[in-house]
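Reading the structure
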Amino acid sequence: MDVAGQFAELYGYEPDGVWSAPGRVNLIGEYTDFNEGFVMPLALPHTAVAAVARRTDGVLRLHSADIDAPVAELRVDELTPLSKYGQGGWAAYPAGVLWALRDAGHEVSGGADIHLASTVPTGAGLSSSAALEVVTALSLNDLYELGLDAPRLAVIAQRAENAFVGVPCGVMDQMASACATEGHALHLDCRDLTTRQVPFDLAAQGLRLLVVDTRVKHELGDGAYAERRAGCEEGARVLGVSHLRDVLYAELPAALAKLTDEKIRRYVRHIVSDDHRVEQVIGLLDAGDVRAIGPVLTEGHASLRDDLRISCEELDLVVASANAAGALGARMTGGGFGGSAIVLVEEVDAEPVTKSILEAFTAAGHTAPRVFPAVPSAGARRLA
């Protein structure tokens, strides 16, 4: 992608620089981030790339090579949360970052010209929105010399999505995009944002992690995500803890006995058990037993399907058909209601397992999914 050349053609001058930020896939730990729990994402090679130049007149101009729309021109001092650029349009994500930086007291009022292009599949649960936010935050941080580190930029990007766009997401997606490193999964404590880079070199183990994009589009702003977040918060309130992260796995049966609402009970069971699954996966990876994480992934899918109830027919079909064909384990990943699943396979089994998934989709009358390997890749960085 020649985003610098496209920028020059679009705006009539050269950009000040080019930056990139990746999408992510989450290995384990779903819906645990806003419960201040644990997650384990890894960055994908698919990225949002931005060519950016700083302005001095308070104007923000935004353009995407991926959207058939003219340049959006906004006034920095008129950016308003949940406005027409705060709901439903792609421009809300970069505009929200500039708003969030200003709201946090950072001087970015001069504005910017931004041209974006992305290879992160949209609607696939791979955090295309977080990639847009983080690449914008990193570019503005550099151009305005704000001096913010990667975790702080991730928090700014999360605030843009929460307060400006109106999606009550946790911080995992932005942290993965900002902080991941090549060849590693990111073990993130969502309470204090401490991170550990966990070696995850699947090729060296003769393994492959497949991403299966079902091409079923999900929309997290439709209330389902917010409803589950509210349910988790209610569960924490009833149990007398600040967040469900504070409920120990050993105490889960006693905690569930205190909950009378069946739906809240299911949500609590998923969150506490998924935090435990993150700990299990960490232990297995530290012990060098990568193959043993497969059943933990499949167990996580059952929890997302039965307790959190955010799966769908296509995601369940990926998991069932992959495991029947000899995969080591599989689960849906991301916000659910469509999007993607991950499948851990022996490298020699990648092709036959993929074939089985495609045949299962054809037999069920579904659109063929997109299947590609998840290669742990670098986080956000300046390219030029």
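Residues numbered from 1 in each chain as written. Predicted model: local features only at pLDDT ≥ 70, side-chain atom pairs only at ≥ 80, totals over all residues. Heavy atoms only, no water.

A count of helical and extended segments in the protein gives 11 helices and 13 strands. For 384 residues, the compact-globule formula gives about 21 Å, and the C-alpha radius of gyration of the protein, at 21 Å, lands near that figure. Its C-alpha atoms give the protein principal-axis dimensions of roughly 60 × 50 × 40 Å. Counting across all 384 residues of the protein, residues that qualify as buried make up 57%. Once local pairs closer than 6 in sequence are excluded, the contacts in the protein between residues at least 24 apart make up 73%. Working note: accessible area of the protein is about 14600 Å², and carbon and sulfur atoms make up 50% of it. Between the mean site of the 32 positive side-chain charges and the mean site of the 52 negative ones, the protein shows a separation of 3 Å. (Helix = DSSP H or I, 4+ residues; strand = E, 2+ residues; numbered from the N terminus. Rg over C-alpha atoms; globule rule 2.2 N^0.38 Å. Buried < 20%, exposed > 50% of the residue type's maximum accessible area, 1.4 Å probe, protein only. Contact = heavy atoms within 4.5 Å. Areas by Shrake-Rupley, 256 points an atom, 1.4 Å probe, with all protein chains shown as cover. Lys, Arg positive; Asp, Glu negative; His and termini not counted. Charge placed at Lys NZ, Arg CZ, Asp CG, Glu CD.)

Turning to the packing of aromatic side chains, a few remarks are in order. Per the counting criterion, the structure on display carries six aromatic pairs. With a centroid separation of 5.2 Å and 40° between ring planes, the pair formed by Tyr31 and Tyr225 is classed as tilted. Of this pair, Tyr31 sits in the loop between strand S1 (17–26) and strand S2 (38–39) while Tyr225 sits in helix H6 (residues 224–239), and the two are 194 residues apart along the sequence. Taken as a pair, Tyr31 and Tyr225 share a single burial class, namely buried. On the numbers, 5.6 Å between centres and 65° between planes, the contact of Phe34 with Tyr225 is edge-to-face. (Phe/Tyr/Trp six-rings, centres within 6.5 Å; stacked < 30°, edge-to-face > 60°.)

Let's shift gears to the UniProt feature "domain: GHMP kinase C-terminal" (unreviewed entry) in the protein. Residues given the UniProt feature "domain: GHMP kinase C-terminal" (unreviewed entry) here are residues 284–357. What you have in residues 284–357 is 53% helix and 16% strand, and the ends, taken at the C-alpha atoms, are 27 Å apart. (UniProt positions renumbered as here; feature names shortened; annotations may be inferred.)

Looking only at helix H1 (residues 3–11), the buried set comprises Val3, Phe7, Ala8 and Tyr11. Projected onto a plane normal to the axis of H1, the buried residues spread over an arc of 140° and lie on a single side. Once H1 finishes, Gly12 follows within two positions and takes phi at roughly 85°, a positive value. (Arc of directions from axis to C-beta.)

The next thing to look at is the side chain of Glu314. Positionally, Glu314 belongs in helix H10 (residues 313–324). Salt bridges are absent for the buried Glu314, whose nearest opposite-charge side chain, Arg215, sits at 12 Å. Ignoring any residue separated from it by four or fewer positions in sequence, one finds Glu314 in contact with Thr214, Val216, Phe361 and His366. (Salt bridge = Lys/Arg side-chain N within 4 Å of Asp/Glu carboxyl O.)

Let us look at the sheet that holds strand S7 (residues 184–189). Ordered in space as S2-S7-S8, the three strands form an open sheet in which the pairing is antiparallel. At either margin of the open sheet sits one strand with a lone partner, and together these are S2 and strand S8 (195–199). Bridge analysis of S2 against S7 gives two bridges, and the strand direction is antiparallel. Bridged to Phe38 within S7 is Asp189. Packing against the sheet, helix H5 (residues 172–179) makes contact with S2, S7 and S8, and its axis sits at approximately 135° to S7. (Pairing = 2+ DSSP bridges. Axes fitted to C-alpha atoms, helices over the stretch in contact; angles between N-to-C directions.)

Here the second largest pocket is characterised by a volume of approximately 200 Å³. Lining the second largest pocket are 14 residues, and of these Leu202, Ala203, Ala374, Val375 and Pro376 lie nearest its centre. Per-element accounting of the lining of the second largest pocket gives the leading share, three residues, to strand S9 (residues 207–213). Classifying every residue of the lining of the second largest pocket gives nine nonpolar, one polar and four charged. (1 Å grid on protein atoms, 1.4 Å probe; cavity = no way out; pocket = protein on both sides within 12 Å on 5 of 7 lines; lining within 4 Å. Points joined across faces, edges and corners; volume = space filled by probe spheres on them. Nonpolar A, V, L, I, M, F, W, Y, C, P; charged D, E, K, R; others polar.)

Another aspect to go through is the UniProt feature "site: Transition state stabilizer" (unreviewed entry) in the protein. Mapped onto the present numbering, the UniProt feature "site: Transition state stabilizer" (unreviewed entry) falls at Arg24. In this structure, Arg24 sits in strand S1. Excluding residues that lie within four positions of it along the chain, Arg24 makes contacts with Pro41, Leu42, Ala43, Leu44, Gly125, Leu126, Ser127, Met172, Asp173, Ala176 and Gly334.

Turning our eyes to something else, we now look at the side chain of Ser321. Tracing the backbone shows Ser321 in helix H10. In terms of polar contacts, Ser321 uses its side chain to reach the backbone carbonyl oxygen of Leu317, at 2.6 Å. What Ser321 contacts, discounting residues up to four positions off in sequence, is Ser356, Ile357 and Ala360. (Polar contact = N/O pair within 3.5 Å; in protein donor to acceptor, adjacent residues only side chain to side chain.)

In this section: the environment of Lys263. Following the sequence through the fold, Lys263 ends up in helix H8 (residues 262–286). Note on Lys263: relative accessible area 32%, which makes it partly exposed.

This brings us to the packing of H10 against helix H11 (residues 350–364). Two measures define how a pair of helices packs: the angle their axes make with one another and the distance between the axes. For the pair H10 and H11, the least separation of the axes is 9 Å and the interaxial angle reads 135°. Our classification of the angle between H10 and H11 gives oblique. The hand of the H10/H11 crossing is right-handed. Residues Glu314, Leu317, Val318, Ser321 and Ala322 of H10 lie in contact with H11, whose contacting residues are Val353, Ser356, Ile357, Ala360, Phe361 and Ala364. Among the residues forming the contact of H10 with H11, the class breakdown is eight nonpolar, two polar and one charged. (Parallel < 35°, antiparallel > 145°, perpendicular 65-115°, else oblique. Left-handed = near helix turned anticlockwise from the far one by under 90°.)

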